[in-house]
Amino acid sequence: MKKYIITLVLLLALVLCGCSGQENNGSAPMQDEQPTPEVAEPAEPLYGYEEKTCERAFTDESTGEVYASYGYSVPMLGIINADKLGEETLALAQRNVEVFNTRMQEILDDAVAYGEELAFETESAPFGLALADEKTLSVSCTGQIMTVWVDGYFYGGGAHPYAYNDSYTFDLTVGQFIDPTQIGDDPEHFRATAAALLVAKAESLGDDYTSGYWSDYAQIISRWNEAAVLFDETGMTVVFSAYELGPYAMGPVELILTYEELAEAIGEGGLAHLGVGE
């Protein structure tokens, strides 16, 4: 009886060994799999900005009174991580910096020339208030689109000063300033569709606004791309400064459209360009 028990145990051991051998397909014992080394993704340019400012006050030598002044500030673009970029990527980033900064310098030079002319044409402060021209440009970026936003202030001796907004749109992929409509897959479709949506927004603001609009307000809004246009993470803001849609007392008119509202008008490519959904 003991022989049978011993024989049965040996057979079971052989069967177990046989099963183990089948799982390894007769090969050497399996070793731990080595992790696949991670491949670092190519670095993308990181941009930073420094303000470049020009300001001056003009004083009457006899009275010590300031009769005119100007102050302008523009952003100058720089590459933060230049040492981490590949040769081709760095060249494209440097192109962006050169084009962007050249335009900002031109804007600053033109503003200073105007400020100097403003002071040259006056000899005293009208109404006891100094003539003034001020302009501050700031940058926001969403996806591959940069918006340069202009906050302006001007006092030329009238009953009240004038505050206004303007904008410039810069496309990092092509290294150029573009018309805002060019963000859309079909620029004209984007302009026309957004115009209809903006007119509806303007008409929904209530009688305080609608009763004061110029009679051709819809036509003015249809050229929204010529107004101040800001793209941010949530949508597109269009600002019409005082006098553009109505009298000074109305002040600026701000109209906002979300990317959800604009999705069809902009198109998939345009939304991707803006980094929407990333």
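Before reading on, note that the structure itself is shown above.
What counts, and where the lines are drawn
Residues numbered from 1 in each chain as written. Predicted model: local features only at pLDDT ≥ 70, side-chain atom pairs only at ≥ 80, totals over all residues. Heavy atoms only, no water. Phe/Tyr/Trp six-rings, centres within 6.5 Å; stacked < 30°, edge-to-face > 60°. Buried < 20%, exposed > 50% of the residue type's maximum accessible area, 1.4 Å probe, protein only. Pairing = 2+ DSSP bridges. Helix = DSSP H or I, 4+ residues; strand = E, 2+ residues; numbered from the N terminus. Axes fitted to C-alpha atoms, helices over the stretch in contact; angles between N-to-C directions. Contact = heavy atoms within 4.5 Å. Salt bridge = Lys/Arg side-chain N within 4 Å of Asp/Glu carboxyl O. Polar contact = N/O pair within 3.5 Å; in protein donor to acceptor, adjacent residues only side chain to side chain.

A. Expanded view of the packing of aromatic side chains. A full pass over the atoms with the stated rule returns 13 aromatic pairs. Seen from their ring centres, Phe58 and Tyr67 are 6.4 Å apart, and the 40° between their planes marks the pair as tilted. Grouping residues by exposure puts Phe58 and Tyr67 together as buried. For the pair Tyr243 and Tyr248, a centre-to-centre distance of 5.6 Å together with 40° between the ring planes defines the contact as tilted.

B. Spatial organisation of the sheet that holds strand E9 (residues 253-258). Taking strand neighbours across the sheet as the criterion, the three strands line up as E7-E8-E9 in an open arrangement whose pairing is antiparallel. Two strands in the sheet have a free side with no partner beyond their single neighbour: strand E7 (228-231) and E9. Averaged over neighbouring strand pairs, the angle between their axes works out to 15° when direction is ignored. By the bridge criterion, six bridges tie strand E8 (residues 235-240) to E9 in an arrangement that is antiparallel. By the bridge assignment, Val239 is partnered in E9 with Glu254. Against the sheet, helix H6 (residues 259-266) contacts E7, E8 and E9, and its axis sits at roughly 75° relative to E9.

C. Expanded view of the pattern of salt bridges. All chains considered together, the criterion is met by five salt bridges. Across the pair Lys84 and Asp83 runs a salt bridge, and its minimum N-O distance is 3.9 Å. Both residues of the pair, Lys84 and Asp83, belong to the exposed class. A salt bridge links Glu261 to Lys201; the shortest N-O distance between them is 3.3 Å.

D. Just the sheet that holds strand E3 (residues 131-142), in detail. Spatial strand order, E1-E2-E3-E4-E5-E6: six strands in an open sheet with mixed pairing. Strands at the two margins of the open sheet, each flanked by one partner only, are strand E1 (47-59) and strand E6 (176-178). Across the sheet, the mean angle from the axis of one strand to that of its neighbour is 25°, orientation sign disregarded. Those strands touched by helix H2 (residues 87-120) are E1, strand E2 (66-79), E3, strand E4 (145-155), strand E5 (162-171) and E6, and its axis lies near 175° from that of E2.

E. Focus on unusual backbone geometry. The phi torsion at Tyr243 lies on the positive side, around 85°, for a residue other than glycine. Within the fold, Tyr243 resides in the loop between E8 and E9.

F. Seen up close, the side chain of Thr181. Secondary-structure assignment places Thr181 in the loop between E6 and helix H3 (187-203). Relative accessible area serves as the criterion here: at 9%, Thr181 is assigned to the buried category. A distance of 2.7 Å separates the side chain of Thr181 from the side chain of Asp179, its partner in a polar contact. Leave out the neighbours within four places in its chain, and Thr181 touches Pro187, Phe190, Arg191, Trp224 and Asn225.

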